[in-house]
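Next come the chains, spelled out residue by residue.
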Amino acid sequence: MTVRIILASQSQIRRQLLANAGIACDVMPARVDEEAVKDALLAEGATPRDTADALAELKAAKISERERGALVIGCDQVLAFDGKILSKPASPEEARAQLRALRGKTHRLVSAAVICEDGRPTWRHVGVVQMQMRDVSDAYLDDYIARNWESIRHSVGAYKLEEEGVRLLSRVSGDYFHVLGLPLLELIGFLAAREEIET
């Protein structure tokens with residue numbers, strides 16, 4: 001690897017995916033008011049795709065401005081359902097409301113990644129995955145939230161496919177890495193084309 005790579009995210013799963021792929025990176029979470037930016041974008045009529053893309057770019061650019069010469073990866077993921085974007089639940093009650101609304105229905109996870117270099121975007125990818133949720137019982141949802149709250153509070157839709165949340169879903173149509181919040185195959189393709197990693 002010939003260039004320093006920085007992940008502008010505090011997501012443990014994104015960091016682990018890069019490590020598992022043999023891509024060394026520094027981690028510098030970007031401090032941005034995601035909800036304020038998201039609200040402003042939605043007020044302007046931004047689509048879920050454009051919202052995820054803009055937030056990913058904002059995070060990458062913020063770190064890239066001060067870490068010159070590095071490739072900075074910014075990521076964001078939004079859940080689009082019934083004409084709305086669902087955010088990370090603020091409480092177990094909000095998680096319960098989100099999961100009850102989603103059960104038995106289809107929603108979309110939109111995962112964006114942007115790489116900035118010297119403060120400017122040089123690569124971006126947005127992936128969309130269709131998710132079909134089972135019609136699970138209220139009792140199971142209550143138990144699920146009680147068991148998993150500390151983990152799912154950090155995830156849009158109040159579930160994680162890589163954990164017990166997989167039991168909530170009946171079908172996933174799309175790339176597994178996009179569900180986890182990082183378009184890993186496309187990212188590897190970009191780094192390989194630039195000869196930043198060996199392939």
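- As annotated in an unreviewed UniProt entry, the protein is Nucleoside triphosphate pyrophosphatase from Roseovarius aquimarinus.
- Note on the protein: under the UniProt heading Sequence similarities (unreviewed entry), the record states "Belongs to the Maf family."
- In its Subcellular location (unreviewed entry) section, UniProt records this for the protein: "Cytoplasm".

**Some remarks on the pairing of strand E6 (residues 120-133)**
Thought 1: In the sheet, strand E5 (residues 106-117) pairs with E6 via 12 bridges, with the strands oriented antiparallel. Within the sheet, the bridge partner assigned to His-107 lies in E6 and is Met-131.

**Remarks on the nonpolar core**
Thought 1: Formed by 24 residues in total, the largest nonpolar core has its most connected members in Leu-79, Leu-99, Tyr-144, Tyr-159 and Leu-168.
Thought 2: Going through the elements one at a time, strand E3 (71-81), helix H4 (92-102), E6 and helix H5 (138-152) are the ones with two or more residues in this core.
Thought 3: For this core, the element with the most residues is H5, which contributes 6 residues.

**Considerations on the environment of Ile-63**
Thought 1: Locating Ile-63 in the fold gives a position in helix H3 (residues 48-64).
Thought 2: Overall, the relative accessible area of 1% leaves Ile-63 in the buried class.
Thought 3: In this structure, the C-alpha to C-alpha distance between Ile-63 and Met-28, residues 35 residues apart in sequence, is 7.4 Å.
Thought 4: Not counting residues within four places of it along the chain, the set of residues in contact with Ile-63 comprises Ile-6, Ala-8, Met-28, Pro-29, Ala-30 and Val-72.

**As for the confidence of the model for the protein**
Where the model shows low pLDDT, its predicted coordinates should not be examined in detail.
Thought 1: Per-residue confidence for the protein gives a mean pLDDT of 95, with 99% of residues at or over 70.
Thought 2: Per-element confidence in the protein is highest for strand E1 (residues 5-7), whose mean pLDDT is 98, and lowest for helix H2 (residues 34-43), whose mean pLDDT is 89.

Analysis parameters
Residues numbered from 1 in each chain as written. Predicted model: local features only at pLDDT ≥ 70, side-chain atom pairs only at ≥ 80, totals over all residues. Heavy atoms only, no water. UniProt positions renumbered as here; feature names shortened; annotations may be inferred. Pairing = 2+ DSSP bridges. Helix = DSSP H or I, 4+ residues; strand = E, 2+ residues; numbered from the N terminus. Core = buried A, V, L, I, M, F, W, Y, C linked by side-chain atoms within 4.5 Å. Buried < 20%, exposed > 50% of the residue type's maximum accessible area, 1.4 Å probe, protein only. Contact = heavy atoms within 4.5 Å. pLDDT = per-residue confidence, 0-100.

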